[in-house]
Amino acid sequence: MFSIFPTARLRPSPFYDATVAEGMNSAMVYNGMILPASYGDREAEYWRLINGVSQWDVAVERQVQLKGPDAAELAQILSPRDLTKCKVGQGKYVAMCNHDGAIVNDPILLKLDEDLFWFSIADSDVWLWASAIAAERKLDVEITEPDVSPMALQGPMAEDVVAHVCGDWVRDLKYFWFRESHIDGIPVAVQRSGWSKQGGFEIYLRDGTKGTQLWNIFKEAGQPWGIGPGAPTSAERTESGLVSVGGDTSDNTNPYEVRLGRYVDLHVPDHVVGIQALRKIAEEGPKRHQLGVILEGDVPAPLGLNWEPIILNGEHLGDMTNCVWSPRMNANIGYALISVKAQIGDDVTIQRPAGEVSAKLVDLPFI
Ligand code: THG
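For every chain, the first residue of the written sequence is number 1, and numbering continues from 1 onward in sequence order. Whole-chain, interface and lining totals are the exception, using all residues; otherwise, since this is a predicted model, local features are given only for residues with pLDDT of at least 70 and side-chain atom pairs are given and counted only at 80 or more. To obtain the side-chain values, all non-hydrogen atoms of the structure were included, while hydrogens and water were left out.

On to the sheet that holds strand β15 (residues 228-230), then. The six strands are arranged β12-β13-β14-β11-β3-β15 in an open sheet whose pairing can be described as mixed. Unpaired on one side and paired on the other, β12 (178-183) and β15 mark the two borders of the sheet. Within the sheet, the average angular offset between the axes of one strand and its neighbour, ignoring direction, is 30°. Two strands are said to pair when DSSP picks up at least two bridges between them. Numbered from the N terminus, helices here are DSSP runs of H or I no shorter than four residues, and strands are runs of E no shorter than two. As paired strands, β12 and strand β13 (residues 186-191) are joined by six bridges and run antiparallel to one another. Its bridge partner lying in β13, phenylalanine 178 is registered against glutamine 191. Residue contacts follow a heavy-atom distance rule, with two residues in contact if any of their heavy atoms lie within 4.5 Å. Comment: axis = line fitted to C-alpha atoms, over the contacting stretch for helices; angle = value between 0 and 180 degrees taken between N-to-C directions. Sheet contacts for helix α2 (residues 42-51): β3 (54-57), β11 (149-154) and β15; angle to β15, the most-contacted strand, approximately 105°. Its contacts with the sheet put helix α5 (residues 158-166) on β11, β12, β13 and β14 (200-205), and the angle it makes with β14 is roughly 40°.

Below, the discussion takes up helix α8 (residues 275-284). The cut-offs for exposure are 20% and 50% of the maximum accessible area for each residue type, with area from a 1.4 Å probe on protein chains only; residues under the lower value are buried, those over the upper are exposed, and the others partly exposed. Within α8, burial applies to Ile275, Ala277, Leu278 and Ile281. Down the axis of α8, the sector holding all buried residues measures 155°, keeping them to one side. Facing away from the buried side of α8 by over 90 degrees, the exposed positions are Gln276, Lys280, Glu283 and Glu284. Elements that come into contact with the buried residues of α8 comprise β6 (96-97). Of the residues trailing α8, glycine 285 is marked for its positive phi of about 90°. It is the directions from the helix axis to the C-beta atoms that the arc portrays.

The subject of this paragraph is the site of the ligand. In the vicinity of the ligand, 17 residues are found, and the nearest of them are Asp106, Ser120, Lys197, Glu202 and Tyr204. Counting of polar contacts relies on pairs of N or O atoms within 3.5 Å, with two restrictions inside protein: one atom must be capable of donating a hydrogen and the other of accepting it, and residues adjacent in sequence are counted only when both atoms are side-chain atoms. The separation between a nitrogen atom of the ligand and a polar side-chain atom of aspartate 106 is 3.2 Å. Reported accessibility uses the Shrake-Rupley method at a 1.4 Å probe radius. Residues are deemed covered only where the shown protein chains occlude them. Summarising the interface, the protein chains cover 88% of the accessible area of the ligand, which totals 640 Å² for the free molecule. Whether a residue is near a molecule or strand depends on its heavy atoms: if one lies within 4 Å, it is near.

Attention now goes to the sheet that holds strand β20 (residues 347-352). Taken in spatial order, the six strands line up as β16-β19-β18-β17-β20-β21 and close into a barrel, and their pairing is antiparallel. Sheet twist, expressed as the average angle between the axes of neighbouring strands with direction ignored, equals 40°. Where β20 lies against strand β21 (residues 355-362), six bridges are found, and the strand directions are antiparallel. The residue of β21 that forms the bridge with glutamine 351 is glutamate 356.

Our next topic: the pattern of salt bridges. Any two side chains of opposite charge can pair, on the condition that their charged atoms come close. Here a salt bridge means any side-chain nitrogen of Lys or Arg lying within 4 Å of a carboxyl oxygen belonging to Asp or Glu. One pass over the full model with this rule turns up 18 salt bridges. For arginine 62, the salt bridge goes to glutamate 145, with nearest N and O atoms at 3.0 Å. Taken together, the residues arginine 62 in the loop between β3 and β4 (63-67) and glutamate 145 in the loop between β10 (142-144) and β11 connect sequence positions 83 residues apart. Its relative accessible area of 30% is what places glutamate 145 among the partly exposed residues. With its nearest N and O atoms 2.5 Å apart, the salt bridge here joins arginine 206 to glutamate 180. Highlighted residues: arginine 206 in the loop between β14 and α6 (211-221) and glutamate 180 in strand β12, separated in sequence by 26 residues. Residue classification places glutamate 180 among the partly exposed residues on the basis of a relative accessible area of 42%.

This brings us to helix α4 (residues 126-136). Two residues of an α-helix separated by three or four positions point the same way, owing to the 3.6 residues in each turn. What α4 keeps buried is the set Val126, Ala130, Ile133 and Ala134. Considered in projection along α4, the buried side chains sweep an arc of 100° and stay on one side of the axis. Away from its buried face by more than 90 degrees, α4 exposes Ala135 and Glu136. For α4, the elements touching its buried residues are β4, α3 (71-77), β6, β7 (103-105) and β10.

Only protein atoms enter the 1 Å grid used here, on which a cavity is any set of points holding a 1.4 Å probe that cannot leave and a pocket is any open set flanked by protein within 12 Å on both sides along at least five of seven lines; residues with an atom within 4 Å of a point are listed as lining. Grid points are joined across faces, edges and corners, and a volume is the space filled by probe spheres set on the points. Reported here for the second largest pocket is a volume of approximately 370 Å³. For the second largest pocket, the full set of lining residues is Met1, Phe2, Ile4, Tyr16, Val20, Met24, Asn25, Ser26, Ala27, Met28, Val29 and Ile34. Mapped by element, the contributors of at least two residues to the lining of the second largest pocket are α1 (16-21) and β1 (26-30). For the lining of the second largest pocket, the element with the most residues is β1, which contributes four residues.

Glancing now at the nonpolar core. Across soluble globular proteins, you tend to see nonpolar side chains buried next to one another. Buried Ala, Val, Leu, Ile, Met, Phe, Trp, Tyr and Cys residues that are joined via side-chain atoms within 4.5 Å together make up what is termed a nonpolar core. Leu153, Val162, Val190, Ile203, Leu214 and Phe218 are the most contacted members of the largest nonpolar core, which totals 37 residues. Put simply, the parts of the chain that give this core at least two residues each are β2 (33-38), β11, α5, β13, β14 and α6. Isoleucine 203 has contacts with Ser149, Pro150, Met151, Leu153, Val162, Ile183, Val188, Ala189, Val190, Leu214 and Phe218, leaving out every residue within four places of it along the chain.

Stacked, edge-to-face and tilted are the three classes for Phe, Tyr and Trp ring pairs, Trp counted by its six-membered ring, which pair at centre distances within 6.5 Å; planes under 30 degrees apart are stacked, over 60 edge-to-face, the rest tilted. One pass over the structure, following the stated rule, counts five aromatic pairs. Relative to tryptophan 215, the ring of phenylalanine 15 lies with its centre 6.2 Å away and its plane at 45°, an arrangement referred to as tilted. Taken together, the residues span a long stretch of sequence, with phenylalanine 15 in the segment before α1 and tryptophan 215 in helix α6 at a distance of 200 residues. Its relative accessible area of 0% is what places phenylalanine 15 among the buried residues. Judged by centre distance (4.5 Å) and plane angle (50°), the ring pair of tyrosine 175 and phenylalanine 176 falls under tilted. Overall, phenylalanine 176 belongs to the buried group, its relative accessible area being 16%. Distance and angle both matter: a charge sits over a ring if NZ of Lys or CZ of Arg is within 6 Å of the ring centre and within 35 degrees of the ring normal. One residue, lysine 174, lies across the ring of tryptophan 177, its end atom 4.8 Å from the ring centre. Across the ring face of tryptophan 169, the terminal group of arginine 179 is positioned such that the distance to the ring centre comes to 4.0 Å.

In structure tokens, the structure reads:
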């Protein structure tokens, strides 16, 4: 279509050279960085994630580090989720909200020490947000971006590959728990996590000069398991019901509307950003919800650059926020962010750029 103009505004990932060498030929911009999307064969990449092991450059999940006497206090102020029981070595998925209760990011919080945290962020500027809140609240905490870059190994064979490289201790890690370690002298943190439901790990590289070396260690070690390059996969994550904040949400979407209400603890202190608004939303009940959509037709027809209107009984009740061909369901599937007047089982019409398409609303996840 076009090429990306090189500029210092686009920060390269430490794995950039490795991904180019692997044949990366499609990418997105995310957090001011390049997020590889494909290496030329999306179908093969999908099945490798489902059946084998896939290696992803996800350095775009930038880290925002909180360090100092008030680091724990700031982490809680930014998280409408009770962190009091979070242990050192544990991670927690957080629906970070603004004062109106709208989601601004959905990071994984890693607690490295009692006074040291990383928010591993989705696509918005949490450094700016955290710095502003800390300054306004006069907190004693330093907010920086450390030299840390995640690489993911995802799929049912990922555990064997990571255990082969790191040792069998990784098999005992619980979901979102992590341990600091070294791989051939390269400092890393190893976490059981990743943006798929096929299982796997993320290796947080802690020396940005070692990206190619770390990539190649896993590439070599994974050969017996058929490892190959891949990327966060629209089809798999949609089948699995994972939310993409900024894709499936806009600037006024709250956690209850997109199935993230279970990560909100209404009893957190009143000074947690957004909690008062969230209590009100929880009490009144959300006006919209997120459902699955299964479209008629057997030709892959992904979403373009815009959400697409969903019509029920002549009324525009919501939008389809993503759409992708599902190889396991043999259909185009997507998510609806739609009025609670629309329910599971309803037959709807979607106004697509190429014309109207019939679809059914279903429960999530698909698989
Ligand atoms: N890895 C790391 N950081 C990240 C992401 C990641 N930061 C941004 C983005 N991805 C955050 N988004 C998600 C969304 C969902 C999950 C992980 C990251 C996830 N959810 C599980 C689920 O919904 O079933 C489990 C959540 C739970 O129960 O606690 O895994 O991918 N480093």
